[in-house]
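Fold and geometry: a report
One letter stands for each residue in the lines below.
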Amino acid sequence: MSSTVASPMSAVASSSSGRRSTSFTLELQSMMFSLGDARRPLHETAILVEDIVHTQLINLLQQAAEVSQMRGARVISAEDLLFLMRKDKKKLRRLLKYMFFRDYKSKIVKGIEEDDILEDKFSSNNTNKRQKLAQDFLNSIDQTGELLAMFEDDEIDDVKQERMERAERQTRAMDSVQYAEFCESRQLSFSKKASKFRDWLDCSSMEIKPNAVAMEILAYLAYETVAQLVDLALLVKQDMTPKAGDPFSHAISATFIQYHNSTEPHLLGQSASVKTSLDSPENTPPPTPTPPASAGQQHLGKTPSGALGNGGIGQDSTKSKQRKRKKSTAACGMEAQSDAIQPSHIREAIRRYGHKIGPLSPFTSAYRRNGMTFLAC
């Protein structure tokens, strides 16, 4: 395994320099919303997440192809990906559960009763092929029994539990339309667009191509990478939110400030444009002063003619209401944008994740490849 240390975002920069014909940006925005981001995730954040996920999967495919060549195989199979994930027990356990539920779904589609499913959980039946394949391979490389023990481990996945609790909190204030949109977003995955996902990875140009089960695992790992990016970015976003009375609020990462100031000037420009709008109070000339009413008019209680004509008090009040409406609309747009995950949050999360010492060091992988620590395995 390569252990070259480089800039965490260098590989992403090279990937984004040449744009791909196939893109998952729109799907990623929906996935990010279902994973805890704002209802309308930022387009530039989704592009950055797509570049990171694509870069990591391409590197993973290269490593899997090398393992496949060492085995003398002609295709990249599930065994190669399981071998690469063997060091991270928690993520490997999560993948094994996913493979079990894929077999479970296949049995449901074929009309097998639920009792038969539970009885044949580890049988050699053809409908249990993914689980049987993983069990046979891990049995061949497991010398301590730790890997095989994961098949019988019913430990609660803390990460999955936290995501479910966050989704529950996220849906509390939703109406029926928003909840329907949220449920539709939660059903999105890379595996449901298999042909597009294969084109996205450019599998046709590879000498050693992944088989069907390997593509299922890659689609799962792609979604898990997006989910982990959102998890870490939300932690960074919470960490960067200033809190009243926090003695460490001044200790903000210099890298975050650099990215926040250099990569998002459009936010500042937008706020400035709101302030310097032609309809803003700063640029609106003062109204023409109305001449004082004569004593006779005041005595008779008559209204000055200017107050009823064009440009009078009635029109001024209408204009002020329009200005307030425009300012409130712009403020709502800026507030919704500020609630969304920013590209700087993603970059800071990647930077912290790649360091062995830091707030996210307990969650980092035990090894790194090509300068960027893998998020999925």
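This text goes with the structure placed above it.
Notes on the structure in this doc start here. Small disclaimer: the values here were computed from a predicted structure and weren't measured.

On to the side chain of aspartate 157, then. Structurally, aspartate 157 can be placed in the loop between helix 8 (146–149) and helix 9 (158–170). A distance of 2.7 Å separates polar atoms of two side chains, one belonging to aspartate 157 and the other to arginine 94. Reaching out from aspartate 157, the side chain makes a polar contact with the backbone nitrogen of valine 159 at a distance of 3.1 Å.

Backbone geometry at aspartate 202 places phi at a positive 55 degrees, although glycine is not the residue there. Relative to the helices and strands, aspartate 202 resides in the loop between helix 11 (194–201) and helix 12 (212–240). The partly exposed category is assigned to aspartate 202, whose relative accessible area is 40%.

As a further point, take the nonpolar core. Leu57, Leu96, Phe190, Phe197, Leu201 and Leu218 are the most contacted members of the largest nonpolar core, which has 59 residues in total. Among the elements of the structure, helix 2 (25–34), helix 3 (43–71), helix 4 (78–84), helix 5 (89–109), helix 7 (129–141), helix 11, helix 12 and helix 17 (343–353) are those that each provide at least two residues to this core. Per-element tally for this core: the top contributor is helix 12, with 16 residues. Counting residues in hydrophobic clusters, the runner-up holds five residues, among them Leu232, Val236, Met240 and Ala349.

Here the focus is the pattern of salt bridges. All chains considered together, the criterion is met by 20 salt bridges. A salt bridge links lysine 91 to aspartate 88; the shortest N-O distance between them is 3.9 Å. The exposure class of aspartate 88 is buried, given its relative accessible area of 16%. Where lysine 132 meets aspartate 136, a salt bridge forms, and the shortest distance between an N and an O atom there is 2.5 Å. Linking lysine 132 with aspartate 136, this pair stays in helix 7, spanning four residues, or about one helical turn. Given the relative accessible area of 26%, lysine 132 is considered partly exposed. Linked by salt bridges that have partners in common, Arg94, Asp157, Lys160, Arg163, Arg166, Glu224 and Asp231 make up one network.

About the criteria used
Every chain is numbered on its own, with residues counted from 1 as its sequence reads. Only residues with pLDDT of at least 70 are given local features in this predicted model, and only at 80 or more are side-chain atom pairs given and counted; all residues enter the totals for whole chains, interfaces and linings. The side-chain numbers reported here are obtained from all heavy atoms of the structure, hydrogens and water having been left aside. Where helices and strands are cited, they refer to DSSP runs of H or I of at least four residues and of E of at least two residues respectively, numbered from the N terminus. Definition of a polar contact: a pair of N or O atoms within 3.5 Å, with one able to donate and the other able to accept a hydrogen when the atoms are protein atoms, and with sequence-neighbouring residues admitted only if both atoms are side-chain atoms. Think of it in three bands: residues with accessible area under 20% of the maximum for their type are buried, residues over 50% are exposed, and the middle band is partly exposed, with areas taken using a 1.4 Å probe on protein chains only. Nonpolar core, defined: a set of buried Ala, Val, Leu, Ile, Met, Phe, Trp, Tyr and Cys residues in which side-chain atoms within 4.5 Å join the residues together. The working definition used for a salt bridge is a side-chain nitrogen of Lys or Arg within 4 Å of a carboxyl oxygen of Asp or Glu.

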